[in-house]
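# Structural overview
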There are 2 protein chains.
Amino acid sequence: MLSDVMEDYLKAVYELEREHGPPVGTSTLADYLGVTPPTVTSMVEKLEERGLVEREKYKGVELTPEGETVALEVLRHHRLLEAFLADHLDYEWDEVHDEADALEHHISEEFEKRLAQKLGDPAVDPHGDPIPTEDLEPPESPDTEVLADHEAGDRVAVARVSDRDDEELRYLKDAGVEPGTELDVVEHAPIGMFVVDIDGETVHLPDRVAAAIRVRPVDERVTET
Amino acid sequence: MLSDVMEDYLKAVYELEREHGPPVGTSTLADYLGVTPPTVTSMVEKLEERGLVEREKYKGVELTPEGETVALEVLRHHRLLEAFLADHLDYEWDEVHDEADALEHHISEEFEKRLAQKLGDPAVDPHGDPIPTEDLEPPESPDTEVLADHEAGDRVAVARVSDRDDEELRYLKDAGVEPGTELDVVEHAPIGMFVVDIDGETVHLPDRVAAAIRVRPVDERVTET
DNA sequence: AAATTAGATTAGACGCATCTAATCCTTAAG
DNA sequence: CTTAAGGATTAGATGCGTCTAATCTAATTT
């Protein structure tokens, strides 16, 4: 049996691996989880004993396949809950994250199954994040790019938005940016501001925000190999 | 801030007070919660420090008004969740208790509010247990009696069934006993078996089961003062 | 009234998740 | 090649919730 906290660590390692690639450093994890580095060290030692992460001292950690399965399970819970809150309880997308975080460790497999069924087995949550399937196979990484990496003139469709920052999400909701929205990059001002055009509306996005948005190319064929 | 465990203790004291009246003894609580008596002693000391229970050493505990409010809050969460699981996720009434127990400490006030709204502010959960109202005022005790106290010839309507024992609940579901069911007491066999008649069907209920059913008199005026 | 018994409490311990303070690697810069 | 800087780890402590073993209190029986 794993504690809630252990599940949180595994989920965090999973997400940080996606973001920066393995190995994930102690301080990176500590920041992400809001604890101190020694706390992380002692926790990852326990996770290593259980075969959930592989660790190289002074370097960082990486999930084992078993650890990844746990992370995907938790992530599936989290994202199904987010979808449920938005679809059936009228939550806005900036309100679902914390509630889902609180509940994700406490729902049974039965609950997960019935929730998925009720929702019609959705593929993505309200932020566009892919929901792991029931078999918990590692999903292939979808071919999305970070908006911040694009240049003036590109036309893209929003695929996913990071769900970790409520402020950001409210800002984007007001701006009309959500999964599916198509936009043209007008300018990347060096002051750290992105200017984009959405259906004729000009919208300004600070770099921090543009870095949290993942997009898919549109109109021009940019199909990478 | 109260821990989940503290909330469980307060809920347990509340329910045991209803059942046997205060004060609630250490071993009674220990049995109910599945822990040892010393564990209860140390926990109720902490609850006393926080003003949630009143305690007389070697006698037992009793909720203060503040403690009762916490208990009612948790109970409201629990019963709203049970109602939700049964109404919207197709759970059977013997399956809802454990799931609700796991979730009751982790839902936000916002979630509670939206759930109640979605359910149409139900007054009772699937077992007939009253759901505390949003203002958490202590509900007046409804005038129900234990089925086991009735004699042959009485006609009664089932009001509530204890939700603590899955076996029992499945047995009763099969027998067609649920809140609202009307039945005639045919015989109380001294072997510890109740015989009742439901719409012409004869149903046998062991004493243990009959003790978990609360009923309201029907047909004959037995309005007690 | 004394003795037994049922129940409650104290004493002391453990594992979890966390912290602060101190020390120890690793690496990049001089 | 030495050293300074930045991370990471060890050491040691704390609070929570739990346990077992030992002791104590209260109530009932004789």
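Residues numbered from 1 in each chain as written. Chains lettered and ligands numbered in written order. Predicted model: local features only at pLDDT ≥ 70, side-chain atom pairs only at ≥ 80, totals over all residues. Heavy atoms only, no water.

Turning our attention to the environment of Val 209 of chain B. Residue and element names in this part refer to chain B. Assignment of secondary structure puts Val 209 in helix α8 (residues 207-210). Separated by 37 residues in the primary sequence, Val 209 and Leu 172 place their C-alpha atoms 8.5 Å from one another. In this structure Val 209 touches Glu 168 and Leu 172, once residues within four positions along its chain are discounted. (Helix = DSSP H or I, 4+ residues; strand = E, 2+ residues; numbered from the N terminus. Contact = heavy atoms within 4.5 Å.)

Moving on to the UniProt feature "domain: HTH dtxR-type" (unreviewed entry) in chain A. The sites that UniProt annotates as "domain: HTH dtxR-type" (unreviewed entry) are residues 2-64 of chain A. Within the segment residues 2-64 of chain A, helix and strand shares are 60% and 13% respectively, and the terminal C-alpha atoms sit 15 Å apart. (UniProt positions renumbered as here; feature names shortened; annotations may be inferred.)

Before going further, it helps to spend a moment on unusual backbone geometry. Geometrically, the link from Pro 22 of chain A to Pro 23 of chain A is a cis peptide bond, its omega value of -5 degrees lying close to zero. Mapped onto the fold, Pro 23 of chain A is located in the loop between α1 (4-20) and α2 (26-33). Here Asp 121 of chain A, not a glycine, exhibits a phi torsion of approximately 45 degrees, which is positive. Phi is positive for Leu 136 of chain B, which is not a glycine, with a value near 60 degrees.

Looking now at the relation of the copies chain A and chain B. The two copies are related by a screw operation: chain A maps onto chain B through 180 degrees of rotation and 0.0 Å of translation along the axis, at an RMSD of 0.1 Å. Considering both components of the superposition, the chain copies are consistent with a two-fold axis. When C-alpha positions in chain A are compared against the rotation axis, the closest is assigned to Leu 103 of chain A, at 3.4 Å. (Least-squares fit on C-alpha atoms with pLDDT ≥ 70 in both.)

It is worth spelling out the interface of chain A and chain B at this point. Many structure descriptions define interface size as the accessible area lost when the parts assemble. Across the boundary between the two partners, chain A contributes 17 residues, which contact 17 residues of chain B. Both faces combined, the contact of chain A with chain B buries some 1600 Å², and carbon together with sulfur accounts for 59% of it. Where chain A meets chain B, there are two salt bridges. Linking chain A with chain B are 11 residue pairs in polar contact (both at pLDDT 80 or more). Breaking the side of chain A that touches chain B down by element, the ones donating at least two residues are α4 (65-88), α5 (96-103) and α6 (109-119) of chain A. Per-element tally for the side of chain A that touches chain B: the top contributor is α6 of chain A, with four residues. Across the side of chain A that touches chain B, the residue classes break down as eight nonpolar, three polar and six charged. (Buried area = accessible area lost by both parts, 1.4 Å probe. Salt bridge = Lys/Arg side-chain N within 4 Å of Asp/Glu carboxyl O. Polar contact = N/O pair within 3.5 Å; in protein donor to acceptor, adjacent residues only side chain to side chain. Nonpolar A, V, L, I, M, F, W, Y, C, P; charged D, E, K, R; others polar.)

A separate point is the protein's contact with DNA strand C. Taken together, 22 residues form the shell around DNA strand C, and within it Ser 3, Thr 36 and Thr 39 of chain A together with Ser 27 and Thr 41 of chain B come nearest. When atoms of DNA strand C within 4 Å of the protein are split into backbone and base, the sugar-phosphate part holds 80%. Contact between DNA strand C and Ser 3 of chain A: a phosphate oxygen at 2.3 Å from a side-chain N or O atom of the residue. In this structure, Thr 36 of chain A approaches DNA strand C through a side-chain N or O atom, which is 2.8 Å from a phosphate oxygen. Those elements that provide at least two residues to the surface near DNA strand C are α1 and α3 (37-49) of chain A together with α2 (26-33) and α3 (37-49) of chain B. Looking at side-chain class alone, the surface near DNA strand C contains 10 nonpolar, eight polar and four charged residues. (Near = heavy atom within 4 Å.)

Turning our eyes to something else, we now look at the domain arrangement of chain A. You can read the domains of chain A as domain 1 (4-63) and domain 2 (145-217). Using C-alpha coordinates to define each centre, domain 1 of chain A is positioned 30 Å away from domain 2 of chain A. (Domains from an automatic or database assignment.)

Turning to the sheet that holds strand β8 (residues 213-217) of chain B, a few remarks are in order. Residues and elements named next belong to chain B. With respect to topology, six strands assemble into an open sheet ordered β3-β8-β4-β5-β6-β7, the strand pairing being antiparallel. Of all the strands in the sheet, just β3 (145-146) and β7 (201-206) have a single pairing partner and so form its edges. Where strand β4 (residues 155-161) lies against strand β5 (residues 182-189), three bridges are found, and the strand directions are antiparallel. Counterpart to Val 156 in the pairing with β5 is Leu 183. Strand contacts of helix α7 (residues 166-175): β4, β6 (193-198), β7 and β8, with the helix running at about 170 degrees to β7, the strand carrying the most contacts. (Pairing = 2+ DSSP bridges. Axes fitted to C-alpha atoms, helices over the stretch in contact; angles between N-to-C directions.)

What follows concerns the protein's contact with DNA strand D. In the vicinity of DNA strand D lie 22 residues, with Ser 27, Thr 41 and Arg 55 of chain A together with Ser 3 and Thr 39 of chain B positioned nearest. Taken together, the sugar and phosphate atoms account for 80% of what DNA strand D places within 4 Å of the protein. Counting only elements with at least two residues in the surface near DNA strand D, the list comes to α2 and α3 of chain A together with α1 (4-20) and α3 of chain B. Residue classes in the surface near DNA strand D are distributed as 10 nonpolar, eight polar and four charged.

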